[in-house]
Amino acid sequence: MQKWIWLFCITIICTLFVGVGKAEASNESGKRYIGLHDRILPIEDIRVIDGDTKVPLKDIAKYLYVPVYTKDGTTTIRKSGKEIIFNHSTGATTLDGLDQPWEPIASIDGELFISVKYIARETGFQFEYFQQYHTIRIYRNEFNHISHKAFEEVIKAYAAGEQPVSTTKKATVYLTFDDGPNQFTLINHATLEKYKVPATFFFLGNHMKQNESIVKTVSTSGHYIGSHSMTHNRALVYGSTESFIAEMKGGADIIKELTGETAYLVRVPYGSKPLVTESMQKSLRDNGFKMWDWNVDSNDWRYTDKQADQIVKNVQDGVTKATKSGDKDIIILLHDRSQTTIALPKIIEWLQKEGYTFKTYEPDKHITQNFLRDPLL
Ligand SMILES: [Zn+2]
């Protein structure tokens, strides 16, 4: 009698294992995927040519925001200072004028296919391969992305026809305000309080001296304050490495004095590229600073109060584009200016409606976002 029960159990267990095995192998039918950061790209026509995975150039270029031009029998790709040219009559590809010894781009029935690894590498992406799932994932190191293991779950869910959780979760946005403190800082601050949204301010040392109470108010509300130099004067800030670091430190010292907080994060005036030299970059690191540029520019300073809607639109367009390219942390550049105070409520309402989460800068969960691509800043 017992023997039968054992046999029965073994049969059940075997059935379970075979079942699990089948489910695991559901993506081994030969279906291939291309991942970008935390999601699978909806590219259908993925081909393996001579052991190399290729996809339609027009598809992958769209997702990587790589401009492609076709003219006079050649197709040109320009990105990150590089130029890749495909010659339609010879089938040859050159990179910055150098012949490529293989065929990273191939023309098949009039459609251009490009090697995924090639376009990723040449436009500044890393890539990893998930052999079991025939999937190549490309990503930028400086953008937050889920682990290799977690991405396997995304592939499995996608193969099973589910919408993976990680692609439905919207990005985090960081509203950043430069050039205060001034009278408009208080209006922006009141708007943030009204909508219960945290933000990050980059204050100027000389303005802080004149507006000590604003610095304290903003800090007490839980917003992060970083240094944006003392003077914002291009000649003074970028005159030498010594003056540069003195300008950034001067601001941080005043923040410490007024709020008790150590301001590790700086934003350099006019953005880090091309003004920050290698020596200045090193000096920032040596002094324990982190540095943020931005990935969405509102261009608010260009507009009048009456044109404030254009600022809202710039933010909407920039955030939409950043989201499509897989950015999980979106840092928006704004200023403490009159026109920005008018645009801000609409910007916040739109971001909230779209489901974005707002955060202030958190020093212990630092996110790298600088034009120099310095992972240490
Ligand atoms: Zn500024």
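(A) Main features of the layout of surface pockets. Of the volumes computed, that of the largest pocket is approximately 720 Å³. For the largest pocket, the lining is made up of 23 residues, of which Lys79, Arg140, Phe143, Asn295 and Asp327 are closest to its centre. The dominant element in the lining of the largest pocket, judged by the number of residues it contributes, is helix H12 (residues 308-324), at three residues.

(B) Layout of the environment of Met291. Topologically, Met291 is positioned in strand S18 (residues 290-291). By relative accessible area, which is 0% here, Met291 ends up buried. Put simply, Met291 and Leu372 are 81 residues apart on the chain and 9.8 Å apart in space, counted from C-alpha to C-alpha. Beyond its immediate sequence surroundings of up to four residues, Met291 is in contact with Leu265, Val266, Val268, Ser272, Leu284, Gln369, Asn370, Leu372 and Leu377.

(C) Spatial organisation of the coordination of the zinc ion. The protein atoms that coordinate the zinc ion are Asp179 (OD), His228 (NE2) and His232 (NE2), at distances of 2.1 Å. Look at His232 and you get buried, because its relative accessible area is 17%.

(D) Seen up close, the nonpolar core. Membership of the largest hydrophobic core comes to 63 residues, with the highest contact counts inside it found for Leu175, Phe244, Ile332 and Leu351. With seven residues, the single largest contributor to this core is helix H10 (residues 241-259). If we skip the residues at most four places from it in the chain, Phe244 touches Val237, Tyr238, Val268, Val276, Met280 and Leu284. Judged by nonpolar contacts, the second largest core, of 26 residues, contains Ile43, Val55, Phe86 and Ala120.

(E) Up close: the packing of H10 against helix H11 (residues 278-286). Between H10 and H11, whose axes approach to 9 Å, the crossing angle comes to 40°. By the angle between their axes, H10 is oblique relative to H11. Crossing geometry of H10 relative to H11 is assigned as right-handed. Counted together, Thr241, Phe244, Ile245 and Met248 of H10 and Ser279, Met280, Ser283 and Leu284 of H11 form the full contact between these two elements. Residue composition of the contact of H10 with H11, grouped by class: five nonpolar, three polar and no charged.

(F) Looking closely at the sheet that holds strand S2 (residues 39-40). The strand order S2-S1-S13-S12 describes an open sheet built from four strands, whose pairing is mixed. In this open sheet, the two edge strands, each paired with only one partner strand, are S2 and strand S12 (126-130). As judged from the five bridges shared by S12 and strand S13 (residues 135-139), these two strands associate in the antiparallel manner. Within S13, the position partnered with Glu128 by the bridge is Arg137. On the sheet, helix H4 (residues 148-159) packs against strand S1 (33-36), S2, S12 and S13 and is oriented at approximately 60° with respect to S12.

(G) Region of interest: the pairing of strand S11 (residues 111-115). Across the five residues that make up S11, a large majority, four, are buried. Bridge count for strand S4 (residues 52-56) against S11 is three bridges, and the pairing is antiparallel. The residue bridging Val55 from the neighbouring strand is Ile114, located in S11. The turn linking strand S10 (residues 105-108) back onto S11 is made up of two residues, and Asp109 within it adopts a positive phi angle of 50°.

Here is what the cut-offs are and how they apply
- Residues numbered from 1 in each chain as written.
- Predicted model: local features only at pLDDT ≥ 70, side-chain atom pairs only at ≥ 80, totals over all residues.
- Heavy atoms only, no water.
- 1 Å grid on protein atoms, 1.4 Å probe; cavity = no way out; pocket = protein on both sides within 12 Å on 5 of 7 lines; lining within 4 Å.
- Points joined across faces, edges and corners; volume = space filled by probe spheres on them.
- Helix = DSSP H or I, 4+ residues; strand = E, 2+ residues; numbered from the N terminus.
- Buried < 20%, exposed > 50% of the residue type's maximum accessible area, 1.4 Å probe, protein only.
- Contact = heavy atoms within 4.5 Å.
- Donors = N, O, S within 2.8 Å, 3.2 Å for Na, K, Ca; no water.
- Core = buried A, V, L, I, M, F, W, Y, C linked by side-chain atoms within 4.5 Å.
- Axes fitted to C-alpha atoms, helices over the stretch in contact; angles between N-to-C directions.
- Parallel < 35°, antiparallel > 145°, perpendicular 65-115°, else oblique.
- Left-handed = near helix turned anticlockwise from the far one by under 90°.
- Nonpolar A, V, L, I, M, F, W, Y, C, P; charged D, E, K, R; others polar.
- Pairing = 2+ DSSP bridges.

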